[in-house]
Amino acid sequence: MIAILDYGSGNLRSAERAFATSGLDVVVTSDREVALNAKGLVVPGVGAFAACMQGLNAVGGPEIIRERIVNERPVLGICIGMQILFSRGTEHSKNGSHAGVGIWDGEVSLLEAPILPHMGWNSVESDAQTVLFQGLENESFYFVHSYAAKKAVGKAQSWTTHGEKFVSAVEDGYVSATQFHPEKSGDAGLAFIKNWTKSI
Amino acid sequence: MTLSVRIIACLDVTDGRVVKGVNFTNLVDAGDPVEMAALYGSEGVDELTFLDISASIIGRETTLDVVRRTAEQVFIPLTVGGGIRSVEDVDRLLRAGADKVSMNTAAIERPELIAEIADKFGSQVLVLSVDARRARTESGFEVTTHGGREGTGIDALAWTEKACALGAGEILLNSMDADGTRAGYDIGMITAIRSVTKTPLIASGGAGALEDFAAAIDAGADALLAASVFHFGIHRIGDVKSYLNTHNYPVRMQAAR
């Protein structure tokens with residue numbers, strides 16, 4: 001079973017249905033036990049970095065994520081759900097940055113680009129070690145964000161350029177993440193989801 | 001590699017059905033919105049927009065159901081506009097499965113609503129619909145309401161700047177002069193709005209010939225919305241994308257699978 005962590009308002013319906021196309025059962029939940037024990041946990045993103053952390057803290061999300069990784073249970077962060085896996089985020093921070101869950105050491109900062117948010121379909125270049133992008137080499141995925149991580153972390157990275165190059169996906173053992181929305185990326189997104197559910 | 005120009009199909013929905021017409025008085029039933037959304041999705045459209053033109057509360061409830069059923073089977077971004085007046089309206093639509101909402105009148109009547117929605121859900125959910133026409137305001141472009149029938153006296157450039165500062169995540173620029181004419185997007189209007197904002201800009205109103213889409217990109221549009229040319233079968237989604245691709249504009253071409 002796949003659990004999608006529900007920690008605030010927003011559109012989780014498409015994520016639920018998109019992950020269900022993999023053939024696995026999917027639940028949208030904020031229940032700690034369900035989230036801890038599911039075969040895979042999807043952490044979607046809601047709102048800005050700090051607001052997202054606030055919502056996540058309210059359901060004990062950071063502990064759930066850390067505990068799952070220790071117990072070798074896969075986690076997939078999406079969009080802001082990827083960003084909060086880093087140690088720091090500068091969004092809406094007047095002085096310095098907000099603390100993230102800190103699975104990866106690094107900062108999520110504003111993209112330097114002529115048009116923001118980075119909104120729409122863009123291509124992804126993956127390291128040779130990628131598992132999740134196998135068969136998806138020439139596909140585009142749907143992005144909506146203004147902030148991003150710009151330094152490599154994890155075992156395999158994928159990169160996308162909007163104004164500057166940023167990390168569009170990370171594969172790092174039991175924890176993976178995408179800056180784009182696979183659940184909104186049409187057939188390519190569903191194929192990516194299938195690659196992830198097969199890998200867990 | 002770069003960000004693709006988005007092609008967006010807009011469906012006018014009332015009481016659970018898609019309607020099409022050259023103006024608001026000649027509406028004909030054009031089919032089931034969920035089926036049409038799925039068809040456009042399979043043809044490679046980059047985003048979908050439902051414009052709810054229902055006049056009744058029951059009609060709006062029906063739209064929520066349409067949004068639900070669409071979000072369950074079409075996995076591309078879905079924007080819903082029409083009659084959204086409050087944070088609660090936005091919440092209902094997002095929970096039903098919309099990714100973004102577009103609003104016009106309510107934001108004009110109470111601009112703080114833009115900030116309230118952006119603070120709660122993030123700027124990315126809020127598409128500000130600027131229904132503008134050529135008129136004697138400072139920039140020569142005036143914001144209208146009620147499908148272009150009522151002027152507000154508000155200058156479209158000043159309004160766009162203000163709305164972006166308040167938190168609008170995207171601008172849907174709809175030329176009320178060009179709307180339904182298929183004579184081309186209002187290039188002057190796109191150029192003018194582009195000069196005052198770095199927020200993504202969707203051009204709408206007037207799409208006819210394939211060259212029209214390219215001209216709007218040249219003027220600074222990040223995305224191109226069309227309704228009638230697609231609904232009446234004048235162009236398929238793929239025709240527009242192939243044309244743009246051939247002319248070296250970045251578009252998402254569907255891989256064969």
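None of the values given here were measured: they were computed from a predicted structure.

Moving on, we come to the overall build of chain A. Looking only at helices and strands, chain A features six helices and 14 strands. For chain A, whose C-alpha radius of gyration is 15 Å, the value lies close to the compact-globule estimate of 16 Å for 200 residues. A principal-axis box enclosing the C-alpha atoms of chain A has dimensions of 40 × 40 × 30 Å.

Of the regular secondary structure elements, chain B holds ten helices and twelve strands. Its C-alpha atoms give chain B a radius of gyration of 17 Å, near enough to 18 Å, the size a compact globule of 257 residues would have. Judged by the C-alpha coordinates and their principal axes, chain B covers about 45 × 40 × 40 Å. With 257 residues in all, chain B has 52% of them scored as buried. Restricting to contacts in chain B with at least 6 residues of sequence separation, those with at least 24 account for 63%.

Residue A:Pro117 follows A:Leu116 across a cis peptide bond; omega there is 0 degrees. Examined against the element boundaries, A:Pro117 turns out to sit in the loop between strand S7 (104-110) and strand S8 (118-123). In the Ramachandran plot, A:Glu72 falls in the positive-phi region, its phi being about 60 degrees despite a non-glycine side chain. Tracing the backbone through its elements, the reader meets A:Glu72 in the loop between helix H4 (61-70) and strand S4 (75-78). Although it is not a glycine, B:Asn248 adopts a positive phi angle of roughly 65 degrees. Relative to the assigned elements, B:Asn248 resides in the segment after helix H10 (237-246).

Residue and element names in this part refer to chain A. Burial of the side chains of strand S3 (residues 40-43) extends over both faces: Gly40 and Val42 are buried on one face and Leu41 and Val43 on the other. The pairing of strand S1 (residues 2-5) with S3 spans three bridges and is parallel. Looking at the pairing, alanine 3 lines up with leucine 41 of S3. With three bridges joining them, S3 and S4 adopt parallel strand pairing. Within the sheet, the bridge partner assigned to leucine 41 lies in S4 and is valine 75.

Time to look at the nonpolar core. Core analysis: the biggest nonpolar cluster contains 142 residues, and B:Leu128, B:Leu173 and B:Leu224 have the highest contact counts within it. Examining the composition of this core, we find that six residues originate from one element, strand S1 (residues 6-14) of chain B, more than from any other.

Another aspect to go through is the interface of chain B and chain A. Contacts between the two partners involve 33 residues from chain B and, on the opposite side, 32 residues from chain A. Counted by class, the side of chain B that touches chain A contains 13 nonpolar, eight polar and twelve charged residues.

All names here are of chain A. The strand order S6-S5-S7-S11 describes an open sheet built from four strands, whose pairing is mixed. The outermost strands of the open sheet, each flanked by one partner alone, are strand S6 (98-99) and strand S11 (147-149). Two elements, S7 and S11, share three bridges in a ladder whose sense is antiparallel. When the bridges of S11 are listed, leucine 110 appears paired with tyrosine 147.

In this section: helix H7 (residues 187-194) of chain B. Residues of H7(B) that are buried: B:Met189, B:Ile190, B:Ala192, B:Ile193 and B:Arg194. Against strand S7 (126-134), strand S8 (141-145), helix H6 (156-166), strand S10 (170-175), strand S11 (201-204) and helix H8 (210-218) of chain B lie the buried residues of H7(B).

Here we come to the confidence of the model for chain B. Here chain B averages 93 in pLDDT, while 96% of its residues score no lower than 70. Confidence estimates for the predicted assembly give a pTM of 0.95 and an ipTM of 0.94.

What follows deals with the pairing of strand S4 (residues 47-52) of chain B. Residues and elements named next belong to chain B. Burial analysis of S4 places six of its six residues in the buried class, the great majority of the element. Taking every second residue as pointing to the same face, both faces of S4 are buried, with Glu47, Thr49 and Leu51 on one and Leu48, Phe50 and Asp52 on the other. Both S1 and S4 contribute to a ladder of six bridges, which runs parallel. Directly across from isoleucine 8, in S4, lies its bridge partner glutamate 47. Handedness of the crossover is the feature at issue here: the chain leaves S4, passes through helix H2 (residues 57-71), returns alongside strand S5 (residues 78-81), and the resulting connection is right-handed.

All names here are of chain A. Assignment of secondary structure puts aspartate 187 in helix H6 (residues 186-199). The class of aspartate 187 is partly exposed, set by 17 C-beta atoms lying within 10 Å. Sequence-wise, aspartate 187 and lysine 155 are 32 residues apart; in three dimensions their C-alpha atoms are separated by 26 Å.

Moving on: the packing of helix H1 (residues 33-42) of chain B against H2(B). Residue and element names in this part refer to chain B. Two numbers describe how H1 lies on H2: the axes approach to 9 Å, and their chain directions differ by 35 degrees. Remark: the crossing between H1 and H2 carries right-handed chirality. Listed contacts from H2 to Pro33, Val34 and Ala37 of H1 are Val66, Arg69 and Thr70. Each residue belonging to the contact of H1 with H2 can be placed in one class, and the counts come to four nonpolar, one polar and one charged.

Criteria and cut-off values
Residues numbered from 1 in each chain as written. Chains lettered and ligands numbered in written order. Predicted model: local features only at pLDDT ≥ 70, side-chain atom pairs only at ≥ 80, totals over all residues. Helix = DSSP H or I, 4+ residues; strand = E, 2+ residues; numbered from the N terminus. Rg over C-alpha atoms; globule rule 2.2 N^0.38 Å. Buried ≥ 20, exposed ≤ 12 C-beta atoms within 10 Å, placed from the backbone. Contact = placed C-beta atoms within 7 Å. Pairing = 2+ DSSP bridges. Core = buried A, V, L, I, M, F, W, Y, C linked by C-beta atoms within 7 Å. Nonpolar A, V, L, I, M, F, W, Y, C, P; charged D, E, K, R; others polar. pLDDT = per-residue confidence, 0-100. Right-handed = clockwise from strand over helix to strand, strands pointing away. Axes fitted to C-alpha atoms, helices over the stretch in contact; angles between N-to-C directions. Left-handed = near helix turned anticlockwise from the far one by under 90°.

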